Amino acid sequence: MCGEDLVKKPFIKLNQIIALIAASSLLLPLIFTFVFLIKNQINPPNKNYQASNNLIIIMKNNLSW
């Protein structure tokens with residue numbers, strides 16, 4: 001309106017910052033999960049079962065006592 005004083009408003013408000021932090025805390029784990037899922041589909045990890053077989057043998061030996 002004519003004659004009113006101009007009031008400078010902040011570009012980013014505190015509640016907008018809090019909303020961005022809350023949204024990123026919910027979305028970032030989901031994004032990381034999809035990134036690692038796609039990464040594992042492109043380059044599957046090596047399946048070395050030798051360590052798990054040794055563990056099973058040790059567990060059987062311990063349980064047989």
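For clarity, every value in this text was computed on a predicted model and none was experimentally measured.

Asker: Any chance you could explain the overall build of the protein here in plain terms?
Answerer: Across its full length, the protein carries two helices and zero strands. Surface exposure of the protein reaches about 7,000 Å², of which carbon and sulfur atoms provide 69%.

Asker: Is there a simple way to think about a nonpolar patch on the surface in this case?
Answerer: Nonpolar side chains collect at one region of the surface, where Leu26, Leu27, Leu28, Leu30, Ile31, Phe32, Phe34, Val35, Phe36 and Leu37 lie side by side and expose about 1,000 Å² of accessible area between them. Its location among the elements puts isoleucine 31 in helix 1 (residues 14–42).

Asker: What should I look at first to understand helix 1 in this one?
Answerer: The α-helix winds at 3.6 residues per turn, so residues separated by three or four positions along the chain end up facing the same way. In this model helix 1 runs 41 Å from its N-terminal to its C-terminal C-alpha over 29 residues, within 8% of the 42 Å that 1.5 Å per residue would give. Roughly 30° is the biggest bend found in helix 1, and it falls at leucine 27, with proline proline 29 one to four residues downstream.

Definitions and limits used
- Residues numbered from 1 in each chain as written.
- Predicted model: local features only at pLDDT ≥ 70, side-chain atom pairs only at ≥ 80, totals over all residues.
- Heavy atoms only, no water.
- Helix = DSSP H or I, 4+ residues; strand = E, 2+ residues; numbered from the N terminus.
- Areas by Shrake-Rupley, 256 points an atom, 1.4 Å probe, with all protein chains shown as cover.
- Patch = residues over 30% accessible without salt bridge, like charges linked within 9 Å, V, L, I, M, F, W, Y side chains within 5 Å.
- Salt bridge = Lys/Arg side-chain N within 4 Å of Asp/Glu carboxyl O.
- Expected span 1.5 Å × (residues − 1).
- Bend = angle between axes of the 7 residues up to and from the residue.

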